[in-house]
Structures are given as C-alpha cells and as structure tokens.
Amino acid sequence: MIRIISLLFLTALFVYSEGMIQIQKEIYTQILSALLPKRRSIKIWAQNPRTLLALQNIPFVHIVSKPQKADVLIIYKDNRILSPQICNKIVLSESYRLIKQKKECILGGFFWHKGRPNIIFLEQNLYKHHIRLPKEMEQFIEDEL
C-alpha cells in the first residue's frame, strides 16, 4: 500500500514539475523576445538546473558554459558572479531578494512567489541597456523596489 501511494505521489510530482517547466519556458520565451527582439540567437548562461531545462527547449536560445560568453545571464542565488564586466551584460534574477540587493546590476527578473509567476524590470537598467519593452510588457516595469 505504501509503495502504491509513493508511486502516485511521485507521478503527481513529476506531472506538476513538467507543467512548471513548460510555464517557465513560455515566460522566458516572452521575456527574451521582448529584451532582444531583433536577435535570432541568444546565448544564455544560467545557474539553476531547472531553468536550464526550460531554456533548452526554446529554439533561439543557445546555452553557454561560461558567463563571459553569454548575452544574458540568469542568476539564482549566488551573486558572486556579478563583477563589473558581467554587470554590462543583461542580468536577470530568479530571486526578488537578489534583485533588491544588486539593483544597480540586475535588469530584472522572473521568480515564483506564493505559487504565482512574477516578472519585474527595473526602469533605470532598461534605460542603461537601451532596451524598450513592447506595450504588453510595460506593466512589469518598476521605477523603484
């Protein structure tokens, strides 16, 4: 009986995880298309293995192994990667806390809060990178945190 319940639990967890990865893929597709609309290929470096799973299925995304080679960096928890050279690139975060801590370097982010996706772009950093978001993404622009 315990094996059956365990198997059902693991199956439900797998289905839930696959759904989350699909949602994450769709959101990142929209974000990346908005940030770099004219690019046919975007090189991305990401810390989070789950994010890498979602990004691998986006046709115009190429995963790179070194942050220096990336057009866009997606950081999860470790902000030690944020050198002045890296801050000149587009940096997204998957942590609101990290966005708040390093707002001079991080352009914005996509993170989950209470089971819902949240997207934030910092107006000052969009301006710094000469990025103008499409109308449907302007609702996510914040002038201050």
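Conventions used here
Residues numbered from 1 in each chain as written. Predicted model: local features only at pLDDT ≥ 70, side-chain atom pairs only at ≥ 80, totals over all residues. Heavy atoms only, no water. Helix = DSSP H or I, 4+ residues; strand = E, 2+ residues; numbered from the N terminus. Polar contact = N/O pair within 3.5 Å; in protein donor to acceptor, adjacent residues only side chain to side chain. Contact = heavy atoms within 4.5 Å. Buried < 20%, exposed > 50% of the residue type's maximum accessible area, 1.4 Å probe, protein only. Arc of directions from axis to C-beta.

S.K.: How do you make sense of the side chain of threonine 51 when you look at a structure like this?
M.R.: With respect to the helices and strands, threonine 51 occurs in helix α2 (residues 49-56). Separated by 3.3 Å, the side chains of threonine 51 and glutamine 24 make a polar contact. Beyond its immediate sequence surroundings of up to four residues, threonine 51 is in contact with Gln24, Tyr28, Ala46, Ile74 and Glu94.

S.K.: Please clarify how the environment of isoleucine 42 should be interpreted in this entry.
M.R.: With respect to the helices, strands and loops of the structure, isoleucine 42 is situated in strand β1 (residues 42-46). For isoleucine 42, a relative accessible area of 0% translates into the label buried. Considering only alpha carbons, one finds isoleucine 42 and isoleucine 63, 21 residues apart in sequence, at a separation of 8.4 Å. Ignoring sequence-local partners within four residues, the contact set of isoleucine 42 consists of Leu32, Leu36, Phe60, Val61, His62, Asp71 and Val72.

S.K.: I would appreciate a short explanation of α2 in the present structure.
M.R.: Because the α-helix completes a turn every 3.6 residues, residues three or four places apart line up on one side. When α2 is considered as a whole, its buried residues turn out to be Thr51, Ala54 and Leu55. Buried positions in α2, seen along its axis, are confined to an arc of 95° and lie on one side of it. Facing away from the buried surface of α2 by more than 90 degrees, the exposed residues are Pro49 and Gln56. Capping the start of α2 is the job of one residue whose side-chain oxygen sits 3.1 Å from the backbone nitrogen of arginine 50: asparagine 48.

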